[in-house]
Amino acid sequence: MAKEEKKKRHWLSRLSFGTVSLVLGVLLVLAYLSVVVDPAKAWFFTLFGLLYPLVLPLTIGLFVWALFRRSRMRGLLFLALLPSLFFAGRYIQLRREAPAGDPSLKLISYNVGLFAHGPSGSDRLALADSVSRWLTTQQADIICLQEFHLPLDVSMDNWIRQHFPGYKAEYYVLTGASGHFGNVTLSRRPVSGKGKIDFEKSTNLALWTDVKLDSTTVRLYNCHFESYNISLSNLVKKDGAVEETEQKMRRSITERPKQVAEVLSGVDNAPVRSIVLGDFNDNPLSYTYYRLLRGRKDTFVKAGKGFGATYRTLWPLLRIDYILYPKDLEAVSYAVPKVKYSDHYPIIATYYESGRDSQ
(Lines give C-alpha, C1' and ligand atoms only; values in the text may rest on other atoms or scores of the structure.)
Protein backbone atom coordinates (compact mmCIF):
# COMPACT_ATOMS: atom_id res chain seq x y z
CA MET A 1 0.00 0.00 0.00
CA ALA A 2 2.80 2.41 0.92
CA LYS A 3 4.56 1.50 -2.32
CA GLU A 4 1.46 2.37 -4.37
CA GLU A 5 1.09 5.67 -2.50
CA LYS A 6 4.71 6.52 -3.25
CA LYS A 7 4.25 5.77 -6.95
CA LYS A 8 1.15 7.96 -7.03
CA ARG A 9 3.00 10.89 -5.42
CA HIS A 10 5.87 10.43 -7.87
CA TRP A 11 3.47 10.47 -10.82
CA LEU A 12 1.76 13.61 -9.54
CA SER A 13 5.13 15.26 -9.01
CA ARG A 14 6.18 14.50 -12.59
CA LEU A 15 2.85 15.74 -13.90
CA SER A 16 3.04 19.03 -11.99
CA PHE A 17 6.68 19.56 -12.99
CA GLY A 18 5.81 18.91 -16.62
CA THR A 19 2.81 21.24 -16.48
CA VAL A 20 4.80 24.12 -14.96
CA SER A 21 7.59 23.57 -17.51
CA LEU A 22 5.11 23.65 -20.36
CA VAL A 23 3.40 26.80 -19.07
CA LEU A 24 6.69 28.68 -18.64
CA GLY A 25 7.92 27.52 -22.04
CA VAL A 26 4.74 28.75 -23.72
CA LEU A 27 4.94 32.10 -21.89
CA LEU A 28 8.48 32.59 -23.14
CA VAL A 29 7.51 31.83 -26.73
CA LEU A 30 4.59 34.27 -26.52
CA ALA A 31 6.96 36.91 -25.11
CA TYR A 32 9.26 36.45 -28.11
CA LEU A 33 6.31 36.82 -30.46
CA SER A 34 5.34 40.13 -28.85
CA VAL A 35 8.07 41.90 -30.84
CA VAL A 36 6.43 41.04 -34.18
CA VAL A 37 2.71 41.05 -33.36
CA ASP A 38 1.12 44.47 -33.88
CA PRO A 39 -0.61 45.38 -30.58
CA ALA A 40 -3.28 47.24 -32.56
CA LYS A 41 -4.43 43.80 -33.76
CA ALA A 42 -3.74 41.73 -30.62
CA TRP A 43 -3.04 44.06 -27.71
CA PHE A 44 -2.63 41.30 -25.10
CA PHE A 45 0.65 40.08 -26.67
CA THR A 46 2.35 43.09 -25.08
CA LEU A 47 1.51 41.66 -21.66
CA PHE A 48 3.62 38.58 -22.38
CA GLY A 49 6.58 40.83 -23.16
CA LEU A 50 6.05 42.65 -19.86
CA LEU A 51 6.15 39.31 -18.01
CA TYR A 52 9.46 38.29 -19.61
CA PRO A 53 11.79 39.59 -16.81
CA LEU A 54 9.83 37.43 -14.35
CA VAL A 55 9.34 34.35 -16.52
CA LEU A 56 12.96 34.12 -17.71
CA PRO A 57 14.66 33.55 -14.30
CA LEU A 58 11.91 31.11 -13.29
CA THR A 59 12.46 29.12 -16.46
CA ILE A 60 16.25 29.14 -15.99
CA GLY A 61 15.80 27.84 -12.45
CA LEU A 62 13.43 25.12 -13.64
CA PHE A 63 15.84 24.14 -16.43
CA VAL A 64 18.70 23.72 -13.93
CA TRP A 65 16.41 21.59 -11.77
CA ALA A 66 15.37 19.54 -14.81
CA LEU A 67 19.06 18.87 -15.59
CA PHE A 68 19.60 17.79 -12.00
CA ARG A 69 16.59 15.46 -12.15
CA ARG A 70 17.37 14.35 -15.70
CA SER A 71 13.80 15.21 -16.55
CA ARG A 72 12.51 14.74 -20.08
CA MET A 73 11.30 18.36 -19.92
CA ARG A 74 14.88 19.67 -20.07
CA GLY A 75 14.81 19.54 -23.87
CA LEU A 76 11.63 21.63 -24.07
CA LEU A 77 12.97 24.13 -21.55
CA PHE A 78 16.27 24.39 -23.43
CA LEU A 79 14.48 25.16 -26.69
CA ALA A 80 12.27 27.74 -24.97
CA LEU A 81 15.32 29.44 -23.44
CA LEU A 82 17.46 29.43 -26.59
CA PRO A 83 16.12 32.71 -28.11
CA SER A 84 16.88 34.45 -24.81
CA LEU A 85 20.56 34.31 -25.72
CA PHE A 86 19.62 37.19 -28.02
CA PHE A 87 16.89 38.91 -25.99
CA ALA A 88 18.32 38.83 -22.44
CA GLY A 89 21.04 41.34 -23.34
CA ARG A 90 18.33 43.98 -23.74
CA TYR A 91 17.80 43.79 -19.95
CA ILE A 92 21.22 43.09 -18.47
CA GLN A 93 24.82 43.47 -19.68
CA LEU A 94 27.54 41.56 -17.84
CA ARG A 95 30.68 42.93 -19.47
CA ARG A 96 31.63 46.12 -21.17
CA GLU A 97 34.77 47.47 -22.80
CA ALA A 98 34.63 51.11 -23.84
CA PRO A 99 35.45 51.64 -27.54
CA ALA A 100 38.47 53.67 -28.51
CA GLY A 101 37.92 57.37 -29.06
CA ASP A 102 37.17 60.41 -26.93
CA PRO A 103 33.47 61.22 -26.55
CA SER A 104 32.38 64.35 -28.37
CA LEU A 105 28.70 64.28 -27.43
CA LYS A 106 27.02 63.85 -24.05
CA LEU A 107 23.25 63.25 -23.87
CA ILE A 108 20.78 63.04 -21.01
CA SER A 109 17.22 61.76 -21.32
CA TYR A 110 15.03 62.08 -18.23
CA ASN A 111 11.32 61.73 -17.49
CA VAL A 112 11.07 64.12 -14.54
CA GLY A 113 7.63 62.84 -13.52
CA LEU A 114 5.93 66.26 -13.35
CA PHE A 115 8.28 67.04 -10.45
CA ALA A 116 5.70 65.23 -8.32
CA HIS A 117 7.77 62.40 -6.82
CA GLY A 118 9.74 64.15 -4.13
CA PRO A 119 9.41 63.52 -0.37
CA SER A 120 5.86 63.65 1.00
CA GLY A 121 4.67 67.24 1.24
CA SER A 122 7.51 68.63 -0.84
CA ASP A 123 6.88 71.50 -3.22
CA ARG A 124 7.00 70.74 -6.97
CA LEU A 125 8.80 73.94 -7.83
CA ALA A 126 11.45 73.24 -5.17
CA LEU A 127 11.95 69.77 -6.64
CA ALA A 128 12.22 71.28 -10.13
CA ASP A 129 14.99 73.54 -8.80
CA SER A 130 16.80 70.50 -7.37
CA VAL A 131 16.51 68.59 -10.64
CA SER A 132 17.82 71.53 -12.67
CA ARG A 133 20.80 71.95 -10.33
CA TRP A 134 21.67 68.27 -10.65
CA LEU A 135 21.31 68.34 -14.43
CA THR A 136 23.58 71.36 -14.88
CA THR A 137 26.33 69.63 -12.87
CA GLN A 138 26.39 66.87 -15.50
CA GLN A 139 27.62 69.28 -18.19
CA ALA A 140 25.70 67.49 -20.94
CA ASP A 141 25.63 68.84 -24.49
CA ILE A 142 21.94 68.01 -24.86
CA ILE A 143 19.25 67.38 -22.24
CA CYS A 144 15.87 65.90 -23.20
CA LEU A 145 13.11 66.01 -20.59
CA GLN A 146 9.68 64.42 -20.60
CA GLU A 147 6.71 65.12 -18.29
CA PHE A 148 8.11 68.56 -17.57
CA HIS A 149 5.76 70.65 -15.42
CA LEU A 150 5.67 74.20 -14.11
CA PRO A 151 2.87 76.10 -12.33
CA LEU A 152 0.71 78.48 -14.34
CA ASP A 153 2.20 81.57 -12.69
CA VAL A 154 5.77 80.67 -13.76
CA SER A 155 7.12 81.79 -17.15
CA MET A 156 8.68 78.86 -19.02
CA ASP A 157 11.15 81.08 -20.88
CA ASN A 158 12.37 82.87 -17.77
CA TRP A 159 12.57 79.74 -15.64
CA ILE A 160 14.60 77.78 -18.21
CA ARG A 161 16.89 80.73 -18.94
CA GLN A 162 17.57 81.16 -15.23
CA HIS A 163 18.09 77.47 -14.42
CA PHE A 164 19.92 76.36 -17.59
CA PRO A 165 22.32 79.14 -18.56
CA GLY A 166 24.19 78.45 -21.79
CA TYR A 167 21.47 76.17 -23.18
CA LYS A 168 19.13 76.92 -26.04
CA ALA A 169 15.66 75.68 -25.13
CA GLU A 170 13.17 74.07 -27.48
CA TYR A 171 9.96 72.97 -25.84
CA TYR A 172 6.32 72.33 -26.36
CA VAL A 173 3.91 72.34 -23.46
CA LEU A 174 0.17 72.14 -23.01
CA THR A 175 -1.35 74.62 -20.59
CA GLY A 176 -4.15 73.38 -18.40
CA ALA A 177 -5.70 74.09 -15.03
CA SER A 178 -2.78 72.48 -13.17
CA GLY A 179 0.03 74.20 -15.09
CA HIS A 180 2.32 73.81 -18.10
CA PHE A 181 3.07 70.22 -19.17
CA GLY A 182 5.14 68.74 -22.00
CA ASN A 183 8.61 67.96 -23.39
CA VAL A 184 11.74 70.11 -23.24
CA THR A 185 14.95 69.81 -25.27
CA LEU A 186 17.98 71.84 -24.14
CA SER A 187 21.11 72.15 -26.27
CA ARG A 188 24.53 73.74 -25.93
CA ARG A 189 25.19 72.79 -29.56
CA PRO A 190 23.95 74.93 -32.46
CA VAL A 191 20.34 74.21 -33.44
CA SER A 192 19.40 74.49 -37.13
CA GLY A 193 15.80 73.27 -37.10
CA LYS A 194 12.98 72.19 -34.83
CA GLY A 195 9.41 70.94 -34.81
CA LYS A 196 6.92 68.73 -33.01
CA ILE A 197 4.69 65.76 -33.64
CA ASP A 198 1.33 65.90 -31.89
CA PHE A 199 -0.24 62.52 -31.23
CA GLU A 200 -3.96 62.32 -31.92
CA LYS A 201 -6.24 62.41 -28.86
CA SER A 202 -3.26 62.44 -26.50
CA THR A 203 -1.26 64.85 -24.37
CA ASN A 204 1.87 62.90 -25.31
CA LEU A 205 4.10 64.13 -28.12
CA ALA A 206 7.54 64.10 -29.74
CA LEU A 207 9.84 67.07 -30.28
CA TRP A 208 12.44 67.01 -33.02
CA THR A 209 15.55 69.19 -33.04
CA ASP A 210 18.36 69.37 -35.61
CA VAL A 211 21.65 69.73 -33.73
CA LYS A 212 25.09 70.41 -35.22
CA LEU A 213 27.83 68.12 -33.96
CA ASP A 214 31.53 68.43 -34.77
CA SER A 215 31.33 67.03 -38.31
CA THR A 216 27.68 66.29 -38.96
CA THR A 217 24.12 67.20 -38.02
CA VAL A 218 21.72 64.82 -36.28
CA ARG A 219 18.02 65.08 -35.59
CA LEU A 220 16.91 64.26 -32.06
CA TYR A 221 13.41 62.97 -31.46
CA ASN A 222 12.53 63.61 -27.82
CA CYS A 223 9.59 61.20 -27.41
CA HIS A 224 7.01 60.52 -24.77
CA PHE A 225 4.73 57.74 -25.95
CA GLU A 226 1.35 56.85 -24.48
CA SER A 227 1.44 56.08 -20.75
CA TYR A 228 -0.52 53.41 -18.91
CA ASN A 229 -1.72 55.90 -16.25
CA ILE A 230 -2.38 53.05 -13.86
CA SER A 231 -2.59 53.48 -10.11
CA LEU A 232 -1.62 50.28 -8.28
CA SER A 233 -3.29 51.50 -5.10
CA ASN A 234 -6.61 51.95 -6.94
CA LEU A 235 -6.61 48.27 -7.90
CA VAL A 236 -7.15 47.44 -4.24
CA LYS A 237 -9.20 50.39 -3.03
CA LYS A 238 -11.47 51.40 -5.91
CA ASP A 239 -14.58 49.57 -7.12
CA GLY A 240 -14.40 48.73 -10.80
CA ALA A 241 -10.66 49.41 -10.81
CA VAL A 242 -9.83 46.14 -12.58
CA GLU A 243 -12.07 46.95 -15.55
CA GLU A 244 -10.78 50.53 -15.64
CA THR A 245 -7.18 49.30 -15.56
CA GLU A 246 -7.83 46.88 -18.42
CA GLN A 247 -9.33 49.69 -20.52
CA LYS A 248 -6.36 51.97 -19.82
CA MET A 249 -3.86 49.24 -20.68
CA ARG A 250 -5.70 48.34 -23.88
CA ARG A 251 -5.82 51.98 -24.97
CA SER A 252 -2.17 52.63 -24.15
CA ILE A 253 -0.96 49.46 -25.87
CA THR A 254 -2.97 50.07 -29.03
CA GLU A 255 -2.15 53.79 -29.27
CA ARG A 256 1.63 53.48 -29.02
CA PRO A 257 2.11 51.75 -32.41
CA LYS A 258 0.27 54.64 -34.10
CA GLN A 259 2.48 57.17 -32.34
CA VAL A 260 5.61 55.20 -33.23
CA ALA A 261 4.50 55.16 -36.88
CA GLU A 262 4.22 58.97 -36.84
CA VAL A 263 7.73 59.36 -35.45
CA LEU A 264 9.17 56.85 -37.92
CA SER A 265 7.51 58.70 -40.79
CA GLY A 266 9.43 61.79 -39.70
CA VAL A 267 12.64 59.80 -39.27
CA ASP A 268 12.34 58.29 -42.76
CA ASN A 269 11.84 61.72 -44.33
CA ALA A 270 14.50 63.56 -42.33
CA PRO A 271 17.48 64.92 -44.33
CA VAL A 272 19.90 63.66 -41.66
CA ARG A 273 20.22 60.63 -39.43
CA SER A 274 18.15 60.58 -36.25
CA ILE A 275 18.59 59.81 -32.57
CA VAL A 276 15.31 58.56 -31.09
CA LEU A 277 15.13 58.84 -27.31
CA GLY A 278 12.84 59.38 -24.36
CA ASP A 279 10.15 57.55 -22.42
CA PHE A 280 8.74 54.84 -24.72
CA ASN A 281 6.53 53.33 -21.98
CA ASP A 282 7.37 49.90 -23.39
CA ASN A 283 9.89 47.22 -22.49
CA PRO A 284 12.73 45.88 -24.69
CA LEU A 285 10.65 42.86 -25.70
CA SER A 286 7.96 44.84 -27.45
CA TYR A 287 6.70 45.83 -30.88
CA THR A 288 7.36 49.50 -30.05
CA TYR A 289 11.03 48.97 -29.21
CA TYR A 290 11.87 46.79 -32.21
CA ARG A 291 10.21 49.09 -34.71
CA LEU A 292 12.16 52.08 -33.40
CA LEU A 293 15.41 50.09 -33.22
CA ARG A 294 15.53 49.34 -36.96
CA GLY A 295 18.48 51.20 -38.47
CA ARG A 296 19.69 52.32 -35.04
CA LYS A 297 21.61 50.93 -32.07
CA ASP A 298 20.56 50.69 -28.43
CA THR A 299 23.01 52.63 -26.25
CA PHE A 300 22.51 50.32 -23.26
CA VAL A 301 23.26 47.20 -25.30
CA LYS A 302 26.37 48.76 -26.82
CA ALA A 303 27.80 50.63 -23.84
CA GLY A 304 25.85 49.69 -20.69
CA LYS A 305 26.67 47.38 -17.81
CA GLY A 306 24.44 45.69 -15.23
CA PHE A 307 20.69 46.18 -15.21
CA GLY A 308 19.34 48.74 -17.65
CA ALA A 309 16.05 49.32 -15.80
CA THR A 310 14.93 52.94 -15.75
CA TYR A 311 11.56 52.81 -13.94
CA ARG A 312 12.30 53.30 -10.26
CA THR A 313 9.13 51.81 -8.78
CA LEU A 314 9.67 48.31 -10.22
CA TRP A 315 13.46 48.28 -10.53
CA PRO A 316 15.13 46.14 -11.95
CA LEU A 317 12.21 44.79 -14.00
CA LEU A 318 11.31 47.67 -16.31
CA ARG A 319 13.48 49.45 -18.85
CA ILE A 320 11.16 51.88 -20.62
CA ASP A 321 13.49 54.84 -21.33
CA TYR A 322 15.95 54.63 -24.22
CA ILE A 323 18.50 56.36 -26.42
CA LEU A 324 18.64 54.76 -29.87
CA TYR A 325 21.39 56.23 -32.03
CA PRO A 326 22.41 56.10 -35.72
CA LYS A 327 25.31 54.21 -37.21
CA ASP A 328 27.51 57.26 -37.76
CA LEU A 329 27.95 57.54 -33.98
CA GLU A 330 29.66 55.15 -31.56
CA ALA A 331 28.51 54.80 -27.96
CA VAL A 332 31.26 55.25 -25.38
CA SER A 333 29.38 55.13 -22.07
CA TYR A 334 25.92 54.59 -20.60
CA ALA A 335 24.79 55.22 -17.03
CA VAL A 336 21.52 55.21 -15.10
CA PRO A 337 22.22 57.25 -11.93
CA LYS A 338 19.97 56.21 -9.05
CA VAL A 339 18.82 59.74 -8.24
CA LYS A 340 15.37 59.84 -6.66
CA TYR A 341 13.82 62.97 -8.10
CA SER A 342 11.25 61.11 -10.22
CA ASP A 343 9.58 57.74 -10.70
CA HIS A 344 12.09 57.30 -13.54
CA TYR A 345 15.88 57.28 -13.45
CA PRO A 346 17.76 59.47 -15.93
CA ILE A 347 19.94 58.09 -18.73
CA ILE A 348 23.37 59.62 -19.35
CA ALA A 349 25.27 58.57 -22.47
CA THR A 350 28.33 59.69 -24.40
CA TYR A 351 29.29 59.17 -28.06
CA TYR A 352 31.92 59.97 -30.61
CA GLU A 353 31.46 60.47 -34.32
CA SER A 354 32.76 57.56 -36.36
CA GLY A 355 33.34 59.68 -39.46
CA ARG A 356 30.66 58.09 -41.62
CA ASP A 357 28.54 60.18 -43.91
CA SER A 358 25.35 61.18 -42.10
CA GLN A 359 23.21 61.35 -45.22
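Residues numbered from 1 in each chain as written. Predicted model: local features only at pLDDT ≥ 70, side-chain atom pairs only at ≥ 80, totals over all residues. Heavy atoms only, no water.

Of regular secondary structure, the chain possesses 10 helices and 14 strands. Taken over 359 residues, the chain has a buried fraction of 53%. Taking as baseline every contact in the chain between residues at least 6 positions apart, the subset at least 24 positions apart corresponds to 72%. Accessible area of the chain: about 17500 Å², with a carbon and sulfur share of 57%. (Helix = DSSP H or I, 4+ residues; strand = E, 2+ residues; numbered from the N terminus. Buried < 20%, exposed > 50% of the residue type's maximum accessible area, 1.4 Å probe, protein only. Contact = heavy atoms within 4.5 Å. Areas by Shrake-Rupley, 256 points an atom, 1.4 Å probe, with all protein chains shown as cover.)

Read across the open sheet, the six strands follow the order β6-β7-β8-β9-β12-β10; overall the sheet is mixed. Because the sheet does not close on itself, it has two edges, and the strands there are β6 (191-198) and β10 (297-298). Both β6 and strand β7 (residues 205-212) contribute to a ladder of seven bridges, which runs antiparallel. Paired with Gly-193 across the two strands is Asp-210, which belongs to β7. (Pairing = 2+ DSSP bridges.)

Turning our attention to the pattern of salt bridges. Pairing between side chains of opposite charge can happen when their charged atoms approach one another. This model, assessed by the stated rule, comprises 13 salt bridges. Put simply, Arg-189 and Asp-214 hold a salt bridge, and the shortest N to O gap is 3.6 Å. Here Arg-189 is found in the loop between β5 (179-187) and β6, whereas its partner Asp-214 is found in the loop between β7 and β8 (217-224), with 25 residues between them in sequence. The closest approach of N and O atoms between Asp-198 and Lys-196, which form a salt bridge, is 2.5 Å. On the basis of relative accessible area, Asp-198 is assigned to the partly exposed category, the value being 39%. (Salt bridge = Lys/Arg side-chain N within 4 Å of Asp/Glu carboxyl O.)

Residues Leu-77, Ala-80 and Leu-81 constitute the buried set of helix α3 (residues 74-81). For α3, the angular spread of the buried residues around the axis is 95°, confining them to a single face. (Arc of directions from axis to C-beta.)

Before going further, it helps to examine the sheet that holds strand β14 (residues 347-353). Taking strand neighbours across the sheet as the criterion, the six strands line up as β4-β5-β3-β2-β14-β13 in an open arrangement whose pairing is mixed. Whereas interior strands pair on both sides, the edge strands pair on one side only; in this sheet they are β4 (168-176) and β13 (329-335). On average, each strand axis in the sheet is tilted by 20° relative to the strand beside it, whichever way the strands run. In this sheet, β14 lies alongside β13 in antiparallel orientation, the contact comprising six bridges. Among the inter-strand pairings, Glu-330 is bridged to a residue of β14, identified as Tyr-352. Contacting β3 (142-150), β4 and β5, helix α6 (residues 156-163) crosses the sheet at an angle of about 140° to β4. (Axes fitted to C-alpha atoms, helices over the stretch in contact; angles between N-to-C directions.)

Here the focus is the layout of surface pockets. Looking at the second largest pocket, its volume works out to about 330 Å³. Lining the second largest pocket are 17 residues, and of these Tyr-52, Leu-56, Ile-60, Ala-88 and Ile-92 lie nearest its centre. Only α2 (45-69), α3 and α4 (84-87) provide two or more residues apiece to the lining of the second largest pocket. Counting residues per element, the lining of the second largest pocket draws most heavily on α2, which supplies six residues. The residue makeup of the lining of the second largest pocket, split by class, is 16 nonpolar, one polar and no charged. (1 Å grid on protein atoms, 1.4 Å probe; cavity = no way out; pocket = protein on both sides within 12 Å on 5 of 7 lines; lining within 4 Å. Points joined across faces, edges and corners; volume = space filled by probe spheres on them. Nonpolar A, V, L, I, M, F, W, Y, C, P; charged D, E, K, R; others polar.)

Turning next to the confidence of the model for the chain. Mean pLDDT over the chain stands at 88; residues scoring 70 or higher make up 89%. Here residues 5-12 is modelled with pLDDT under 50, and outside its nearest four sequence neighbours on either side it reaches zero contacts, counting other chains as well. (pLDDT = per-residue confidence, 0-100.)

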